[in-house]
Amino acid sequence: MLDVRRLRLLVELSQRGTLTAVADALSYSPSSVSQQLSLLEREAGVPLLVQVGRRVQLTPQALVLVEHARAILDRLEEAESEVARSLTAVGGTVRIAVFQSAAHAVVPQALTLLRAEHPALRVEITEREPDVGLFEVAARDFDLVVAEQYPGHTRAHRAELDRVHLAADAIRLALPPHPAARSAGLSAAARLETAANMAWVLEPEGTASREWAEQLCREAGFEPDVRFETADLMAHIRLIRSGNAVGLLPDLVWAGEAPSVRLVDLPGHPEREVFTSTRHAAAARPAVVACRDALARAARATATPAPPAPAARSVSP
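Residues numbered from 1 in each chain as written. Predicted model: local features only at pLDDT ≥ 70, side-chain atom pairs only at ≥ 80, totals over all residues. Heavy atoms only, no water.

1. Here we look at the pattern of salt bridges
Heads up, the rule is: Between Lys or Arg on one side and Asp or Glu on the other, a salt bridge is scored when a side-chain nitrogen of the former is within 4 Å of a carboxyl oxygen of the latter. Starting at the N terminus, helices and strands are each numbered in turn, a helix being any DSSP run of H or I of at least four residues and a strand any DSSP run of E of at least two.
Applying the stated criterion across every chain yields a total of 29 salt bridges. Ionic pairing is found between Arg-5 and Asp-3, a salt bridge with its closest N-O pair at 3.6 Å. Close ionic contact of Glu-12 with Arg-16 constitutes a salt bridge, the shortest N to O distance being 2.5 Å. Of the two residues, Glu-12 and Arg-16 are both situated in helix H1 (residues 4–16); the distance of four residues between them amounts to about one turn of the helix.

2. Thoughts on the nonpolar core
Our working definition: In these notes, a set of buried Ala, Val, Leu, Ile, Met, Phe, Trp, Tyr and Cys residues joined through side-chain atoms within 4.5 Å is what counts as a nonpolar core. A simple rule labels every residue: compare its accessible area, found with a 1.4 Å probe on the protein chains alone, to the largest value its type can have, and call it buried under 20%, exposed over 50%, or partly exposed in between. By definition, residues are in contact when any of their heavy atoms lie within 4.5 Å.
One finds Ile-96, Val-106, Leu-121, Val-146, Val-274, Cys-291 and Leu-295 to be the most contacted residues of the largest nonpolar core, which totals 27 residues. Those elements that place two or more of their residues in this core are strand S3 (92–98), helix H5 (100–105), helix H6 (107–117), strand S5 (144–149), strand S6 (164–175) and helix H11 (286–302). Residue contributions to this core peak at eight residues, all from H11. When sequence neighbours within four positions are dropped, the list of residues in contact with Leu-295 reads Val-106, Ala-110, Leu-144, Val-146, Leu-166 and Thr-276.

3. Some remarks on empty space enclosed by the protein
Here is the rule we go by: A pocket here means an open set of points on a 1 Å grid, computed over the protein atoms alone, that has protein on both sides within 12 Å along at least five of seven lines. A cavity is instead a set of points where a 1.4 Å probe fits but cannot get out; residues with an atom within 4 Å of a point line either one. Grid points are joined across faces, edges and corners, and a volume is the space filled by probe spheres set on the points. The classification used treats Ala, Val, Leu, Ile, Met, Phe, Trp, Tyr, Cys and Pro as nonpolar, Asp, Glu, Lys and Arg as charged, and all other residues, Gly among them, as polar.
For the coordinates displayed, the defined rule picks out two cavities of 30 Å³ or more. Together, 13 residues line the largest cavity, and Tyr-150, Glu-203, Ser-209, Ala-213 and Leu-248 are the ones closest to its centre. Those elements giving two or more residues to the lining of the largest cavity turn out to be strand S7 (199–202), helix H9 (208–219), helix H10 (233–241) and strand S9 (247–250). With four residues, H9 is the single largest residue contributor to the lining of the largest cavity. Of the residues belonging to the lining of the largest cavity, the class tally is nine nonpolar, two polar and two charged. Of the pockets and cavities examined, the second largest cavity occupies roughly 30 Å³. Counting residues per element, the lining of the second largest cavity draws most heavily on H6, which supplies four residues. Residue classes in the lining of the second largest cavity are distributed as eight nonpolar, no polar and no charged.

Read these as layout, nothing more, since geometry by itself doesn't imply function.
Shown next, in the form of structure tokens:
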């Protein structure tokens, strides 16, 4: 009979691509992974791996086995969920991957709700970029991911994951809160154009938010002068508030608190979608259901329009 733990290693290799990546993900040594896969080959009675240069490649027979192994792992996860649903209390551990602004705005309130309602439940939170988090949920490194999607940008579809809407998060132009940044009386499009000659702070190249921001500026007729590049939106706020940059900020970063910069509506009032994803096999697990419910309630609590920016201060531009 085929060993389930070895089958999982084969699935991991099909997803991660190298023995080293599998070893790192599961805290094994590469030699141990290789040895276990050799034993699986012996159990299966067919070659599963071929050496191609310095890497290994799955044979056609291995790919057939991977599909069956995924189904077996899903059924085992479904069985665990059904056993958990027979219990009266929600417990166990849920590992959640979140992107930064969700960790800042939604997670603390959700954890407070879960601690009050399900004290036996342990929740572990790790910050991950959405694409990485989605991959790692599919790979069973996490049970749930909170991810986002910008207008006009679609993420790779993963058939093994579901997708549940969490919030619509408005994105606005953020300007320093002093007289030089005031743009009252201008249209939304003109307001964006007033930032054409200013220094910008944006997220790193290659991220969905960066690609969307650059496209928005190009549609307004200019290329943003990006002098500051960081994925830390708290750093964005500080750079903008101090008068050193302008940028684009989602309302979620304020977590229901009054913004400390001047916010201006953008043309078309764009929003990013915030959503959660888990494996279909884990979606009915009581602990995952409880976490999704708490996240949804926390998101509703913070999904109010951003309050007015503070009044302009009497300082030199």
